[in-house]
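The residues making up each chain are set out below.
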Amino acid sequence: MQTRSTAKKTRTAPYEQISEEQKRPVLPELQEAIQLEKTSFARSLYRDLACDSVINNFLKKSRSYSITQRRWKLPHSYTKLVNSDTYAPMRSVVSSIVRHFWPAAVARGLRQVVDTHATDIQHDDAEFSSHTSRPSISIIAQGPSFQFSQTRPGSIPAKIGFSNMASCIELQGDGEEMPVESQLARAAINARQIFLHQPNRRFVRTLAITGHHLRLFHFDRSGAQYTPPLNIHDDPHTFVRLIIGITSPNESEIGLDTSIQWTIENGRKTSGKLTTIGADRGKAVYSLLDVEPFFSRCDILGRGTICWRVAHPENGEELLIKDSWRSEDRISEYVHLQEAVGTPGVVQMLSCESDRGQTRSLRAFGTRVPTGFANRIETRVVLRCYGNPVVVFTSAKKVLYALRDAIAGHRRLFKKGLLHRDVSAQNVLFGQPGAEEGDRGVLIDLDMSTRQGDSGIHPVTDWTIGTILYQSVMVISSRSASVPLPHDHLDDLESFFYILAHIVYGHDRHGSLHKLSSDMALWESESGDIGPLKEYILFKPYLPKAVSSRWPASVLGVFYGFRKFIWSIVSEKVALLDEEPEDRVETLKSWRLSAEEHYDLVLRIFDEGIAALEKEEAEPCSSSQPQEGPSPRPALVKRNPLKRPSDDNPEILPPAKRATPRITRNVPNSRSPTPHTNPRSA
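Note that this is a predicted model, so its numbers are computed, not measured.

Visitor: Tell me about the overall build of the protein, residues and numbers included.
Guide: Looking only at helices and strands, the protein has 18 helices and 26 strands in total. Relative to its full complement of 682 residues, the protein shows a buried share of 58%. By element, 49% of the accessible surface of the protein is carried by carbon and sulfur atoms, the whole surface being about 28,800 Å².

Here it is, written out as C-alpha cells:
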C-alpha cells in the first residue's frame, strides 16, 4: 500500500536526483546572480500581450479560476495528493491559459504543455553526457528555431528535449519547498541546456511554483536574476502574463534571435538562413553551410560566442559570422577589427552590427540598475574564413610560414597601438589556399586585445586572459604577484614560442601526433603546476633525441634560436619582479623602445629557417641534424635588458633558484575558444 509519506518521496525524487556533479557546471555562474527585492520585474513583463481587461474576461470564463473565491482551482494543500496529482492540477491551469490566448498555436501543435516530471531529458555536454533533467512541466515548441533532440549521432531523435523546449516550470507542494539557492541551481541547469541546444537563444525565463507562490528566473549573458515569491491567487494577472510570455509563438518574445532561422523537415533542421548587415550597410541574407554553429561556448554567463559558417549570397565565398556579448566596459572587438582592415597576417572583417542589444534591456531595469549587475552588449561581425589552426598541418614548411606571417601581423597591430594578449595555437590559422607571403598565417580573435595608454604602457598581465598552455611566465605569475608587470609584446612573442614548442614536442614534420613525454604531459591538461613546464621547455639544454629526430635541422634551428631569445626575456622579467615598481620604469621603457628590434630578430630567425628548409627540400640528401644547440645557461648582468647577447660572450642567466616561478593554477581557463572543426576565423 502506498502511503502519503511514500507518495511525497516519489514526488520529490526528481529534486533529490540533482547531484553535486550536475550542479558543478552552473555554480560558478551563479555567484553574481541578482535576487530582486520586489516583484516589479515580473509584473512589468508581457503587458503588450494582454491588458488587464482581456485577462479579466478570461478569468470570468475560465473553468480553472474561481471568480467568487478569487483563486485558481488548485488544491488548498498538496500534502493530501498522491502519485502524479501534484502536477496534474497545475498543468491543467497552464494548459487552459495557453489554449485561450494562443488557440492557433495550440491547434497547429506549435505549443504544448507537457508533464515531464518522470521523463529523462538528455543533456548535451561533452563532459557530462550522462546527465539528464526532469522538469515538472515543459513547454514543447515547433517552429523555425526548434527541432527534435538528437544528443548522439545516429540515435533516434526524441520528440521531447531541450532543443524544442520554449521554457519549463518546476513544481513543489507546500511543505516541500527547497532553499532558493537550490531552486536557482535547478533552474540554471535547465536554462544552460536550453542555451546549448538552441544556439540562437538570447535569454531564457523559467518559473518555479511552490504551493501558491511562484518565482521567475531570468538568464542571459550577464548571468541570472530572480524575483521574490509572488502569490498566484493574489495576482492572477501577472501569473497569466508570465504563462502567456513563456509560451508565446513569437520566438523573439521567448528569447530567440529571429535573424537566424531554419527549415525544419521531419522534426529536424535541414538548412538555414542568417540575416545581417552587409558591407554596403544594406540587408544581407547568408545561407548557413551547417545547421549547427561552427563554434559555441557552453557557459551562460560571459561572451556567449557563437560562430557560423555561411556562404556569401552573391559569389558563394565561405565566410564566418561571429556573435558575442562584450562587457560594457570593454572596447568591442569590431573596433580593433576595423583598425586591422587591410593588415596582412590579421583576420579581416567585412561588416558588423556593433550593438544588436543589451542585457540591461532584457531585464527591464529602467533607470535603476541593481548593484552587482554588469551590462553586456551583443555584437555581430562578418569575417573572412581561413584554414586550420596551425597545430593541424601536413608540412613543416607551412608551419614556419604560418607562424612567421602571424608574428608579422602581430607586429603590424602593435605598431597601431594594439596588443593581442590571447596568442594561442587556436588563434593562429593557416591562410587561404594559395595565400601570398604575409597572409600564409593569420592571427584571429581580437576579443582580448587592448590599446596602449598615453604612456605607451598596456594594462598589467592578467592570468584570466588567454589559454594557460601558451601564456607567458609573467602572465601566469600575475595570479600571485603583488605588483604584476604590464602585459607587453614580449609576452605575446613568448606565447608564439610556446605554440612552436607544442608543435615540435607533440608532432613530426608531417603533422602526425606523437605522445608527449611525462614532463610535457601538462600540455594536454589545463591544470597543475605550469611553472616547471615552462622551465623544462626553456632551460633543458637539448631536445630529447626522440623529438629532434622527427624534425629537419632547419626547424630545430628556429626552435633553438627562438628559445634563446625567449629565455633571456624570461630571466630578465623574473628578476624585474623583485624590484620596486618605481625601479622598473626605465627597463620597461627600454623594452618598448626596442620592440622593432625584437620583432626583427624573431622574424629573421624564421626567415633563415625557412630559407634553410627550402634548400633542404631542394637537396634531399642534406643533413637532418641541427646546426646549433642552445647556449649555456647565462647569469644576470645589468645591461639593456633585452639587448641580444653575442654568441662569443653569452650573458649568464640567474642561478637555478631564480628560475621561472612555479605558479599553480587549478581553474581551467575558459576565455579562449578551442574548436576542433575548420575552417574558422574567430
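Visitor: Please provide a residue-by-residue account of the pattern of salt bridges, values included.
Guide: Summed over the entire model, instances satisfying the criterion amount to 30 salt bridges. The partner of Asp235 in a salt bridge is Arg43, with the nearest N and O atoms 2.3 Å apart. Of this pair, Asp235 sits in the loop between β12 (230-231) and α8 (236-246) while Arg43 sits in helix α3 (residues 40-44); the two residues are 192 residues apart in sequence, bridging distant segments of the chain. A residue is classified by how much of its surface remains accessible, and Arg43, at 34% relative accessible area, is partly exposed. Taking the shortest distance from any N to any O, the salt bridge between Arg363 and Asp220 comes out at 2.8 Å. Highlighted residues: Arg363 in the loop between α10 (359-362) and β20 (376-384) and Asp220 in strand β10 (residues 213-220), separated in sequence by 143 residues. Like Arg363, the residue Asp220 is buried in the burial classification. Among the charged side chains, a network of salt bridges with common partners joins Arg202, Asp257, Asp323, Glu353, Arg356, Glu378 and Arg380.

Visitor: Just give me the short version of the packing of helix α13 (residues 489-506) against helix α16 (residues 553-576), but keep the residues and values in it.
Guide: For the pair α13 and α16, interaxial distance at closest approach is 10 Å and the crossing angle is 140°. Here α13 is positioned oblique relative to α16, judged by the angle of their axes. In this structure, the crossing between α13 and α16 has a hand that is left-handed. Every residue of α16 that contacts α13 at Leu490, Asp491, Leu493, Glu494, Phe496, Phe497, Leu500, Ala501, Val504 and Tyr505 is listed here: Val555, Val558, Phe559, Phe562, Arg563, Phe565, Ile566, Ile569, Val570 and Lys573. Residues that form the contact of α13 with α16 fall into these classes: 16 nonpolar, no polar and four charged.

Visitor: Can you lay out the nonpolar core for me, pointing to particular residues and giving the numbers?
Guide: In this structure, Val390, Phe496 and Ile499 are the most contacted members of the largest nonpolar core, which totals 92 residues. Considering every element that reaches this core, the biggest residue donor is α16, with 13 residues. Ignoring sequence-local partners within four residues, the contact set of Ile499 consists of Val390, Leu403, Val423, Ser424, Ala425, Val428 and Tyr470. With 47 residues, the next largest nonpolar core counts Met90, Val98, Trp102 and Leu171 among its residues.

Visitor: Any details on the pairing of strand β18 (residues 318-327)? Residues and values, ideally.
Guide: Counting buried residues in β18 gives nine out of 10 residues, a clear majority hidden from the surface. Strand direction decides the pairing type here: strand β17 (residues 306-311) and β18, joined by six bridges, are antiparallel. Bridging from a neighbouring strand, Ile306 pairs with Asp323 of β18. With nine bridges connecting them, β18 and β20 associate as antiparallel partners. Residue pairing for β20: Leu319 is matched across the bridge by Arg384.

Visitor: Break down the side chain of Thr450 for me, citing the residues and quoting the values.
Guide: Within the secondary structure layout, Thr450 lies in strand β24 (residues 450-451). Residue contacts for Thr450: discarding those within four places in its chain leaves His336, Gly417, Leu418, Leu419, Arg421, His458 and Pro459.

Visitor: Describe the packing of helix α5 (residues 88-101) against α8, naming the residues involved and giving the relevant values.
Guide: Running from N to C, α5 and α8 cross one another at 70°; their axes reach a closest spacing of 10 Å. Taken together, the axis directions place α5 and α8 in an arrangement best described as roughly perpendicular. From α5, Met90, Val93, Val94, Ile97, Val98 and Phe101 reach across to α8, where they touch Phe239, Val240, Ile243 and Ile244. Taken together, the residues of the contact of α5 with α8 sort by class into 10 nonpolar, no polar and no charged.

Visitor: Just give me the short version of helix α17 (residues 585-593), but keep the residues and values in it.
Guide: Looking at α17, one finds that the buried residues are Thr587, Leu588, Ser590 and Trp591. Projection of α17 onto a plane perpendicular to its axis shows the buried side chains occupying an angular sector of 160°, all on one side. Pointing more than 90 degrees away from the buried face of α17 are the exposed residues Glu586 and Leu593. Residues of α17 that are buried in the fold lie against α13, α16 and α18 (595-618).

Visitor: Would you mind going over the pairing of strand β14 (residues 268-277) in detail, with residue names and values included?
Guide: As a general feature of sheets, a regular strand has side chains that alternate between the two faces. Pairing of strand β13 (residues 260-265) with β14, which is carried by six bridges, proceeds in the antiparallel orientation. Each residue of the ladder has a partner; that of Ile260, found in β14, is Leu274. Connecting β13 to the antiparallel partner β14 that follows it, the hairpin turn spans two residues, and Asn266 within it adopts a positive phi of roughly 55°. Note: β14 against strand β15 (residues 283-288), five bridges, orientation antiparallel. Within the sheet, the bridge partner assigned to Ile277 lies in β15 and is Lys283.

Visitor: Tell me about helix α11 (residues 396-415), residues and numbers included.
Guide: Over its 20 residues, α11 extends 29 Å from the first C-alpha to the last, a length consistent with the 28 Å expected when each residue adds 1.5 Å. Summarising burial for α11: 16 of the 20 residues are buried, a large majority. Backbone geometry just after α11 places Gly417 at a positive phi near 95°.

Visitor: Outline unusual backbone geometry, listing residues and values.
Guide: Of note in the backbone geometry, Arg70 takes a positive phi value of approximately 55° without being a glycine. Here Arg70 shows up in the loop between β2 (65-66) and β3 (71-72).

Visitor: Describe the packing of aromatic side chains, with residues and values.
Guide: A complete count under the given rule lists 16 aromatic pairs for this structure. Measuring from centroid to centroid gives 5.3 Å for Trp72 and Phe239, while their planes differ by 75°, and the two rings are edge-to-face. With a gap of 167 residues between them, Trp72 in strand β3 and Phe239 in helix α8 connect regions that are remote in the sequence. Across the pair, Phe239 and Trp72 agree in class, each one buried. Connected via pairs of aromatic rings, a cluster forms that spans Phe497, Tyr498, Tyr505, Tyr542, Phe559, Tyr560, Phe562 and Phe606. Sitting over the ring of Trp262, Lys269 keeps its end group 3.6 Å from the ring centre.

Rules used in this analysis
Residues numbered from 1 in each chain as written. Predicted model: local features only at pLDDT ≥ 70, side-chain atom pairs only at ≥ 80, totals over all residues. Heavy atoms only, no water. Helix = DSSP H or I, 4+ residues; strand = E, 2+ residues; numbered from the N terminus. Buried < 20%, exposed > 50% of the residue type's maximum accessible area, 1.4 Å probe, protein only. Areas by Shrake-Rupley, 256 points an atom, 1.4 Å probe, with all protein chains shown as cover. Salt bridge = Lys/Arg side-chain N within 4 Å of Asp/Glu carboxyl O. Axes fitted to C-alpha atoms, helices over the stretch in contact; angles between N-to-C directions. Parallel < 35°, antiparallel > 145°, perpendicular 65-115°, else oblique. Left-handed = near helix turned anticlockwise from the far one by under 90°. Contact = heavy atoms within 4.5 Å. Nonpolar A, V, L, I, M, F, W, Y, C, P; charged D, E, K, R; others polar. Core = buried A, V, L, I, M, F, W, Y, C linked by side-chain atoms within 4.5 Å. Pairing = 2+ DSSP bridges. Arc of directions from axis to C-beta. Expected span 1.5 Å × (residues − 1). Phe/Tyr/Trp six-rings, centres within 6.5 Å; stacked < 30°, edge-to-face > 60°. Lys NZ or Arg CZ within 6 Å of the ring centre and 35° of its normal.

Remember, this is a structural readout, not a statement about activity or role.
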